[in-house]
Amino acid sequence: MYGNAYIDPNDKAAMMLAGEDPQKLAEFEARIARGEKIEPKDWMPKEYRKQLIRMIEQHGHSEIIGALPEGTWITRAPGFRRKLALMAKVQDEVGHAQLLYSAAETLGKSREAMINDLITGKSKYSNVFNYPAYTWADACIIAWLIDAGAIINQVANAKGSYGPYCRALDRICTEESFHLKYGHDNVVTLATGTPKQRELVQAALTRWWPPIMHFFGPSDKISNHTEVLMRWKVKMATNDDMRQQFLNMYVPKIWDLGLTLPDPNLKKNDAGKWDYTEPDWEEFKRVINGGGPCNAERLAVRRNAEERGRWVREALNTAESKYIAPLA
Amino acid sequence: MNTEAIKELLYKMADDLLIIGHRNSEWTGLGPILEEDISFSSMAQDKIGQSQALYVLLHELGEQEPDTVAFTRNANQFHNAQLLELPNGEYDFSLIRHFLYDHADQLRFEALANSSYEPLAKVARKVKGELKYHVFHANTWVTKLGSANAESHARMQAALNHAWNYALGMFEHSTHEDILIAENIFIGEDSLQDKWLSNISAVLLKAGLSIPSSDTWNPVLGGRKGLHTEHLGPLVEEMSEVFRYDPTAEW
Amino acid sequence: MIISLDPRVNRAAIEADNNIEPLKDLDQWETYEVFHQKRRGDQHMHVGIVHAPNAEMALIFGKEQFGRRGLSVNIWVVKTSDVFTTEYDDSDIFETVPEKQYREAGGYKVMDKINKYKKGL
Ligand SMILES: [Fe+2]
Ligand SMILES: [Fe+2]
């Protein structure tokens, strides 16, 4: 799942380009304008590298942390089909983390450094995973709607300018289509099932709607900074555009099942856009900064996993190893 | 063909696979490094898939649906060896158990590929590739960690010692075993154990790990007859929590 | 102690403030480039990397990370540090002048001569 460029609004566009060689910058921008990809060893503006590392790394963290809320139900999935599918889905998310960290490594940040930044809370990941999966139905809603949101984001980013990220995303998108189908199938089964199942899935949907509305982040500030990132094909769509796309694709599917969404203002307006109650961005900020219901648990679990695996990794570390960033 | 004897064989195999697959799946997302997390999860999926294939055979012999059998029985109705229900512990124990079990599993299926009971022989031939990978994985890890550094050696040896008598319990005799042997359905637990010992001994030697001396061998029996440790009850309850939440539902 | 909805987390008995030593360099081992062959007869293709402590384990990991959906029949791994590459900065070495008809099939126009010869007969 789940990368969203978290862009520091205080970075000024002017600062971004300070000190860059104008001729190299022009060649770099011309290459992107021609639709060519940038590869790891190419010259690139410092800010391009920095933003990409931040974005890909956060995306990687979101995958590995995203394995936890759904993993909550991995030992309890009902029946062989669901048990196997959930295992395969969570496994894919771990695989996505592997692919994304590898892509970020090509930009010069080691996997160790990324993990360290994750487990100390220095680096962010998608906010939605700081919410708990209370019931089996929560895991189903995540698989359908969070993955759906992620796909919108990832399909857009796959057309970006950085070769290794695009390649990772192409592979990821293929697997996400299984996740989406799996999630939808689960939600449909619950929504069309027994009264108890319907009740479960409605409650889960109601719980998850606010985090889902937060998923794409607040409206982008229109700034030169954003413009440059869009010109560099680092940021491929605005948060509002992606949110609109999501609502347009999924609200009708949710209503089709006779499920309700906890927003009385949600409707498609005459201009073909979706109106909705503005999400609580104060809560969003609070959760991003560590105040969500599961932030502490998620990081503690990751630290625990790293620590329990340490002796395994250390034992097999051979002295002659030397680290070189992966090639592509 | 003696259906009761075949069912007995299928039940213990299917339950072994389901329980170890379930245990191993607990590592998904929490493994020692991303790449190994993925590999271990694949093998857990293989195991659960294999168990399902065997419950399907049981269903064809008149038992209930695979989901019903797997998700509604109580612990004392399971026939898995106790080795497989033990908690995961740390990665050393999980790997050693995987190694000890998968060698036995591979040999069991290898023998069954020639079984006179064709439906089972067919399953055995189908899973051959999966098992080959599992054993390759297990051998590599055990060999490397057994001889890597002092800590990893000590951990692996301790895990082996802890698992050993439970592992011997995998070869507990079953009531109808003689019939299976007589009808060329299965070679029987004793010859399976002999082959197993010789296969794992070769790998453990390379790993610098030693099998506990034979005067301490004391197989932990009972699993095949529904006798289990205190760990299986909670496992089964957890596994079937959602399934039992609404038993009338399709999930 | 973390009280979780995930029974696995509860079993692990995790303290909320379980600060750990940061991972050291090479904690995640080095990287191997992975190449796979989709089916017999195809070229092997680069599909990505794995972190691994040795070649055997790189194969074990590569097989699952890149071949778990049965899309490969064979894989190769090679240490990243053993791969030599050209530089993208030197991409222009691949831009050769186009006047090299002598090594293209289209550079040989025998029919002209044959036709001329036949006319002269
Ligand atoms: Fe993902
Ligand atoms: Fe996903």
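Owing to the predicted nature of the structure, the values given are computational and were not obtained by experimental measurement.

## Concerning the confidence of the model for chain C
Residue and element names in this part refer to chain C.
Then, number 1: Here chain C averages 94 in pLDDT, while 100% of its residues score no lower than 70.
Then, number 2: Put simply, helix α3 (residues 110–120) is where chain C has its lowest mean pLDDT, 93, and helix α1 (residues 7–12) is where it has its highest, 98.
Then, number 3: Interface confidence for the predicted complex, expressed as ipTM, amounts to 0.97; the pTM equals 0.95.

## Describing the interface of chain A and chain C
Then, number 1: Contact with chain A, which involves 51 residues of that partner, is made by 44 residues of chain C.
Then, number 2: Interface area for chain A against chain C, summed over the two sides, is near 4,200 Å², with a carbon-plus-sulfur share of 54%.
Then, number 3: Together, Glu112, Arg313 and Leu327 of chain A form the three largest contributors to the area buried by chain A at its contact with chain C, with a combined 14%.
Then, number 4: The interface formed by chain A and chain C contains 6 salt bridges.
Then, number 5: Measuring nitrogen to oxygen at the nearest pair gives 3.7 Å for the salt bridge that ties Glu175 of chain A to Arg68 of chain C.
Then, number 6: Viewed at the interface, chain C and chain A are joined by 25 residue pairs in polar contact (both at pLDDT 80 or more).

## Describing the interface of chain A and chain B
Then, number 1: Tallying the contact residues gives 42 residues for chain A and 52 residues for chain B.
Then, number 2: Across the interface of chain A and chain B, roughly 4,000 Å² is buried in total on both sides, 67% from carbon and sulfur atoms.
Then, number 3: The three residues of chain A that bury the most area against chain B are Phe80, Gln91 and Trp311 of chain A, which together make up 21% of that side's buried surface.
Then, number 4: In this structure, the connection of chain A to chain B is made through 3 salt bridges.
Then, number 5: Where Glu35 of chain B meets Arg111 of chain A, a salt bridge forms, and the shortest distance between an N and an O atom there is 2.7 Å.
Then, number 6: At the junction of chain A and chain B, the tally comes to 17 residue pairs in polar contact (both at pLDDT 80 or more).
Then, number 7: Counting only elements with at least two residues in the side of chain A that touches chain B, the list comes to α3 (46–71), α4 (79–105), α7 (163–191), α8 (195–214) and α12 (295–315) of chain A.
Then, number 8: Class assignment for the residues of the side of chain A that touches chain B results in 23 nonpolar, 10 polar and 9 charged.

## A closer look at the coordination of the iron ion (ligand 2)
Residues and elements named next belong to chain A.
Then, number 1: For the iron ion (ligand 2), the protein coordination sphere consists of Glu93 (OE), Asp147 (OD), Glu176 (OE) and His179 (ND1), at 2.0 to 2.2 Å.
Then, number 2: Given 4 donor atoms and angles of 82 to 168° at the metal, the environment of the iron ion (ligand 2) is assigned as irregular.
Then, number 3: Within one chain, the residues donating to the iron ion (ligand 2) are spaced in sequence as E-x53-D-x28-E-x2-H.
Then, number 4: Between the iron ion (ligand 2) and the iron ion (ligand 1), both coordinated by Glu93, there is a metal-metal distance of 3.4 Å. Taken together, the residues span a long stretch of sequence, with Glu93 in helix α4 and Asp147 in helix α6 (residues 136–157) at a distance of 54 residues. Of the two residues, Glu93 and Asp147, neither departs from the other in class, the shared state being buried.

## Some details on the pattern of salt bridges
Oppositely charged side chains are able to pair whenever their charged atoms sit close together.
Residue and element names in this part refer to chain C.
Then, number 1: For the structure shown, the criterion picks out 54 salt bridges over all chains.
Then, number 2: Between Glu64 and Lys63 there is a salt bridge, and its shortest N-O distance comes to 2.5 Å.
Then, number 3: Here Glu64 falls in the buried class, since its relative accessible area comes to 4%.
Then, number 4: Owing to a relative accessible area of 34%, Lys63 belongs among the partly exposed residues under this scheme.

## Considering the sheet that holds strand β1 (residues 30–37) of chain C
Strand pairing in a sheet relies on backbone hydrogen bonds, with the paired strands running either antiparallel or parallel.
Then, number 1: Sheet architecture is open: 3 strands sit in the order β2-β1-β3 (chain C), paired in antiparallel fashion. Edge strands, defined here as strands with exactly one partner in the open sheet, are β2 (45–52) and β3 (74–79) of chain C. Sheet twist, expressed as the average angle between the axes of neighbouring strands with direction ignored, equals 30°.
Then, number 2: For β1 of chain C and β2 of chain C, the ladder comprises 7 bridges, and the chain directions are antiparallel. Within β2 of chain C, the residue paired with Val34 of chain C across the bridge is Gly48 of chain C.
Then, number 3: Along the sheet, α4 of chain A makes contact with β1 and β2 of chain C, crossing β2 of chain C at roughly 95°.
Then, number 4: Packing of helix α2 (residues 55–67) of chain C onto the sheet brings it into contact with β1, β2 and β3 of chain C, and relative to β2 of chain C it is tilted by some 120°.

## Here we look at empty space enclosed by the protein
The gaps left among the atoms become clear once a water-sized probe is rolled over them.
Then, number 1: In the structure shown here, the tally under the stated rule is 3 cavities of 30 Å³ or more.
Then, number 2: Its boundaries defined by the atoms lining it, the largest cavity holds a volume of some 90 Å³.
Then, number 3: Every residue lining the largest cavity is counted, 13 residues in all, and those nearest its centre are Ile64, Ile115, Arg302 and Glu306 of chain A together with Leu34 of chain B.
Then, number 4: Listing elements by their share of the lining of the largest cavity, those giving two or more residues are α5 (111–119) and α12 of chain A together with α2 (34–60) of chain B.
Then, number 5: A class-by-class count of the residues in the lining of the largest cavity yields 7 nonpolar, 3 polar and 3 charged.

## A look at the side chain of Gln244 of chain A
Residues and elements named next belong to chain A.
Then, number 1: Looking at the element boundaries, Gln244 is found in helix α10 (residues 239–256).
Then, number 2: One polar contact links the side chain of Gln244 to the main-chain amide nitrogen of Trp274, over a distance of 2.7 Å.
Then, number 3: Not counting the four nearest positions on each side in its chain, Gln244 is found in contact with Lys273, Trp274 and Tyr276.

## Some points on the packing of α4 of chain A against α2 of chain B
Then, number 1: Their axes nearest at 9 Å, the elements α4 of chain A and α2 of chain B cross at an angle of 165°. Comparing their axes, α2 of chain B and α4 of chain A come out roughly antiparallel. You can see that α4 of chain A and α2 of chain B cross each other, and the crossing is left-handed.
Then, number 2: For the contact of α4 of chain A with α2 of chain B, the per-class residue count stands at 12 nonpolar, 9 polar and 3 charged.

Thresholds, definitions, all that
- All residue numbers refer to position in the chain's written sequence, counted from 1.
- Starting at A for chains and at 1 for ligands, labels are handed out in the order in which the entities are written.
- The model is predicted, so local features are restricted to residues of pLDDT at least 70 and side-chain atom pairs to those at 80 or more, both for listing and for counting; the totals for chains, interfaces and linings are taken over all residues.
- The side-chain quantities take in all heavy atoms of the structure and omit both hydrogens and water.
- Confidence of the prediction at every residue is given by pLDDT, a number between 0 and 100.
- Only runs of H or I of at least four residues qualify as helices and only runs of E of at least two qualify as strands under DSSP, and these elements are numbered from the N terminus.
- Should any heavy atoms of two residues lie within 4.5 Å, those residues are considered in contact.
- Two parts placed together each lose some accessible area under a 1.4 Å probe, and the buried area is that loss summed for both.
- Only one rule defines a salt bridge in this text: a Lys or Arg side-chain nitrogen within 4 Å of an Asp or Glu carboxyl oxygen.
- Two N or O atoms form a polar contact when they lie within 3.5 Å of each other; inside protein one atom must be a possible hydrogen donor and the other a possible acceptor, and for residues adjacent in sequence the pair counts only when both atoms belong to side chains.
- When residues are grouped by polarity, Ala, Val, Leu, Ile, Met, Phe, Trp, Tyr, Cys and Pro land in nonpolar, Asp, Glu, Lys and Arg in charged, and all others, Gly among them, in polar.
- Any N, O or S atom lying within 2.8 Å of the metal counts as a donor, with the limit raised to 3.2 Å for Na, K and Ca; because water is left out of the atom set, some sites can appear incomplete.
- A site with four donors is called tetrahedral when every donor-metal-donor angle falls between 85 and 135 degrees; four donors are called square planar, and six octahedral, when opposite donors sit more than 155 degrees apart and all other angles fall between 65 and 115; any other arrangement is irregular.
- Using a 1.4 Å probe on the protein chains alone, a residue whose accessible area is under 20% of its type maximum counts as buried, one over 50% counts as exposed, and one in between counts as partly exposed.
- When DSSP finds two or more bridges between a pair of strands, those strands are recorded as paired.
- Axis lines are fitted to C-alpha atoms, over the contacting stretch for helices. Their N-to-C directions set the angle, which ranges from 0 to 180 degrees.
- Cavities and pockets were defined on a 1 Å grid built over protein atoms only: a cavity is a set of grid points that admits a 1.4 Å probe from which the probe cannot escape, a pocket is an open set flanked by protein on both sides within 12 Å along at least five of seven lines, and lining residues are those with an atom within 4 Å of any such point.
- Grid points are joined across faces, edges and corners, and a volume is the space filled by probe spheres set on the points.
- For classification purposes, an angle smaller than 35 degrees is called roughly parallel, one larger than 145 roughly antiparallel, one from 65 to 115 roughly perpendicular, and anything else oblique.
- Two helices cross in a left-handed way if the nearer one is turned anticlockwise from the farther one by less than a right angle. They cross in a right-handed way if the turn is clockwise.

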